[in-house]
Amino acid sequence: MDGQTFLDDLRDEHETELSRLGSSKAVYALTGGEMDGEAVRDGTARELHTVASVLEEWAEAADGDVATLFSEVATFTADTANTLDEASAPPQDTEVTNITAEALEGLDEEPARIAGLAAALLVVGKLSEQLVGYFVGDADRAGAQEFREIRDQLQTSRDDAAEQLETRVSHGAESTAAHEAASDVVESAYDWYVETLEAMGVEPKNVC
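In this report, we go over the structure that sits alongside the text. For clarity, every value in this text was computed on a predicted model and none was experimentally measured.

Helix and strand counts for the protein come out as nine helices and zero strands. Sequence-ordered secondary structure for the protein, helices as α and strands as β, is α-α-α-α-α-α-α-α-α. A globule of 208 residues ought to have a C-alpha radius of gyration of about 17 Å, and the protein, at 16 Å, matches this closely. Across its three principal directions, the C-alpha atoms of the protein cover 45 × 35 × 30 Å. Split into buried and exposed, the 208 residues of the protein put 50% on the buried side.

If you want it as structure tokens, here you go:
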């Protein structure tokens, strides 16, 4: 399986969903409607904490380069979440749920986990592009730079995961399972987007 082709196909198959997950409405959903810097940091930290928790478990069950991948991304997401927590107010009780964690938690086989991670990083990376734009629009240079660095590392980790598919996933049933897992993660994230906005009384399909 070619990793870059895998990512390109995933983007093409879910162009609409990924576009909306990278919109300002996705930021509104992430923050529960509280469109300020603290809420953006809280929402991002919440997502990264849960992703890190899943990946820590996966790393213990894997070996070799895959274990290293899971462990390194777990460390990055956990450390970033902790930094964001320190830079914002303590999170308040919220009904906002996580974007990718539920779909990731349902993956059991290694090919599906690698593909699911690549898809989750594609989703969160897409959203992070909009988060950079939020801080740019808010004239917060430090916040914009902080989220550029987060975005760039998410993209690097996404590409690392896709590269692992080339060596760990063969054609046939494994390839099909990997594609299905990745699609499920994107579709689950899109369900989060739609359900969260509808619960807030916001039309989710008009992108802004």
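Glancing now at the environment of Thr 77. Secondary-structure assignment places Thr 77 in helix 5 (residues 64-86). We classify Thr 77 as buried; its relative accessible area is 1%. Contacts of Thr 77, omitting those with residues within four sequence positions, involve Leu 48, Val 51 and Ala 52.

With that settled, consider the packing of helix 1 (residues 3-13) against helix 8 (residues 141-168). One way to put it is that helix 1 packs onto helix 8 with a least axis distance of 7 Å and a crossing angle of 120 degrees. Residues Gly 3, Gln 4, Phe 6, Leu 7 and Arg 11 of helix 1 form the contact with helix 8, whose participating residues are Arg 158, Asp 159, Ala 162, Leu 165 and Glu 166. The residue makeup of the contact of helix 1 with helix 8, split by class, is four nonpolar, two polar and four charged.

What counts and how
- Note that residues are indexed from 1 along each chain, following the sequence as it is written.
- Only residues with pLDDT of at least 70 get local features here, since the model is predicted, and only at 80 or more are side-chain atom pairs given and counted; chain-wide, interface and lining totals rely on the full set of residues.
- No hydrogens and no water enter the side-chain calculation; it runs on all heavy atoms of the structure.
- By the criteria applied, helices consist of DSSP H or I runs no shorter than four residues and strands consist of E runs no shorter than two, each listed in order from the N terminus.
- We compute the radius of gyration from the C-alpha atoms alone; for a globule the expected value is 2.2 Å times N to the 0.38, where N is the number of residues.
- Remark: exposure states derive from per-residue accessible area (1.4 Å probe, protein chains only) relative to the maximum for the residue type, with buried under 20%, exposed over 50%, and partly exposed in between.
- Contacts between residues were defined by any pair of non-hydrogen atoms, one from each residue, lying within 4.5 Å.
- All axes are obtained by fitting lines to C-alpha atoms, using only the stretch in contact for helices, and the reported angles, taken between N-to-C directions, cover 0 to 180 degrees.
- Each residue is assigned to one of three groups, with Ala, Val, Leu, Ile, Met, Phe, Trp, Tyr, Cys and Pro labelled nonpolar, Asp, Glu, Lys and Arg labelled charged, and all others, Gly among them, labelled polar.

No statement about biological role is implied by the geometric values presented.
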